[in-house]
Amino acid sequence: TLKGDKGMEVCITNYGGRVVSLMVPDKNDSLVDVVLGFDNIAQYMEKTTDYGSSVGRYANRINMGRFVLNGDTIQLKQNDKHDGRDHCLHGGGDTGWMNQIYKAEQIDDQTLKLTIVAEDGENGFPGTVTATTTYKIVNGNTLDITWEATTDKPTIINQTNHNYYNLSGDFEELAGGLNQWLSVNADSFTVADDSYMPTGEVRAVEGTTMDLRTEHAIIDGLDREFDQVANANGGYDH
């Protein structure tokens, strides 16, 4: 448990490097948990979910589980199946980092450093990798996350945190999420197909439901008929 000097409290487990809860003071200074999580490790293991995890080696999808490195085609584990288009998702899913044990070192009351060592060939990825995720509460109520990695041979890596946020603290009511205000300072976005795979096309947000440059409630302007929203099961997943 990490504690900030303005009330923030973050609970983290070394199972998948997960944020289990993120308590922050609301407008009435009452602590509210704003991330989705379970009450015990068994529930995470039963559902093999990415909730709150530190994802690796590679977040999101790699098309058909293949990539080219220095002229060689590397075949990875294909754990994300879509009618014959079988991708590698989150480094291999149930055998990716989000379902492995990190070594935990609590530096101080505000800082936790998590370390994982992935062997050469894990889920098809080349190179032995030593990777760290450092969670730190800064400026009282800000959670800062830093990722670092070293490897003994050329490889690819794309770490991230996979928190699901709901700032209302109400996880029973879908509208609690859709009514949150969001801004994304981006003039364009990466197009994805109906298997959630980026196609390589970069499209302008201008005139589309993807235009979030001006802050507004997520539900406002959400066009579920727009091809990208329809591909993402009626929301944003880009």
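Above this text is the structure in question.
To keep things clear, this report deals only with the structure shown in the data block.

Parameters and conventions
- Residues numbered from 1 in each chain as written.
- Predicted model: local features only at pLDDT ≥ 70, side-chain atom pairs only at ≥ 80, totals over all residues.
- Heavy atoms only, no water.
- 1 Å grid on protein atoms, 1.4 Å probe; cavity = no way out; pocket = protein on both sides within 12 Å on 5 of 7 lines; lining within 4 Å.
- Points joined across faces, edges and corners; volume = space filled by probe spheres on them.
- Helix = DSSP H or I, 4+ residues; strand = E, 2+ residues; numbered from the N terminus.
- Buried < 20%, exposed > 50% of the residue type's maximum accessible area, 1.4 Å probe, protein only.
- Core = buried A, V, L, I, M, F, W, Y, C linked by side-chain atoms within 4.5 Å.
- Contact = heavy atoms within 4.5 Å.
- Polar contact = N/O pair within 3.5 Å; in protein donor to acceptor, adjacent residues only side chain to side chain.
- Salt bridge = Lys/Arg side-chain N within 4 Å of Asp/Glu carboxyl O.
- Pairing = 2+ DSSP bridges.
- Axes fitted to C-alpha atoms, helices over the stretch in contact; angles between N-to-C directions.

Our focus in this paragraph is the layout of surface pockets. Once rolled over the atoms, a probe with the size of a water molecule shows which space is left empty. Taken as a whole, the largest pocket encloses approximately 1600 Å³ of empty space. Asn163, Tyr164, Tyr236, Asp237 and His238 are the residues nearest the centre of the largest pocket, which is lined by 39 residues in total. Put simply, the parts of the chain that give the lining of the largest pocket at least two residues each are helix 2 (175-178), strand 16 (181-182) and strand 17 (188-192).

We now examine unusual backbone geometry. Arg57 follows Gly56 through a cis peptide bond whose omega is 0°. Position of Arg57 relative to the elements: it lies in the loop between strand 5 (54-55) and strand 6 (61-62). At Asn139, a position not held by glycine, the phi torsion is positive, near 50°. By the secondary structure assignment, Asn139 is in the loop between strand 13 (129-138) and strand 14 (142-151). We classify Asn139 as exposed; its relative accessible area is 67%.

On to the nonpolar core. Counting 21 residues, the largest nonpolar core has Val10, Ile12 and Leu22 as the members making the most contacts within it. Secondary structure elements with two or more residues in this core: strand 2 (9-13), strand 3 (18-25), strand 12 (111-118) and strand 13. Those residues in contact with Leu22 that sit more than four places away from it in its chain are Met8, Glu9, Val10, Val32, Asp33, Val34, Val35, Leu143 and Tyr165.

Before going further, it helps to examine the environment of Gly65. Here Gly65 lies in the loop between strand 6 and strand 7 (66-69). Sequence separation of Gly65 and Gln78 is 13 residues, and the distance between their C-alpha atoms is 5.4 Å. Apart from residues no more than four positions distant in its own chain, Gly65 is found in contact with Ile74, Gln75, Leu76, Gln78, Asp86, His87 and Cys88.

Look at Arg57 and you get buried, because its relative accessible area is 0%. At 2.9 Å, the side chain of Arg57 forms a polar contact with the backbone oxygen of Glu119.

Here the focus is the pattern of salt bridges. Between side chains of opposite charge, pairing is possible as soon as their charged atoms come close. For the coordinates displayed, the defined rule picks out 12 salt bridges. Two residues, Asp227 and Arg203, come together in a salt bridge whose shortest N-O distance is 3.4 Å. With Asp227 in helix 3 (residues 227-231) and Arg203 in strand 18 (residues 198-204), this residue pair connects regions lying 24 residues apart in the sequence. For the salt bridge of Arg213 with Glu206, the shortest nitrogen-to-oxygen distance reads 2.7 Å. Exposure remark for Arg213: the relative accessible area of 33% places this residue in the partly exposed category.

Right, let's get into the sheet that holds strand 11 (residues 103-108). Backbone-to-backbone hydrogen bonds join strands into a sheet, with any given pair of strands oriented parallel or antiparallel. In space, the 4 strands of this open sheet follow the order 11-12-13-14, with antiparallel pairing throughout. Only two strands of the sheet have a single partner each, and these edge strands are strand 11 and strand 14. This sheet shows a mean twist of 15° between the axes of neighbouring strands, independent of strand direction. Alignment of strand 13 against strand 14, held across 10 bridges, turns out to be antiparallel. Residue pairing across strands places Ala131 opposite Ala149, the latter belonging to strand 14.

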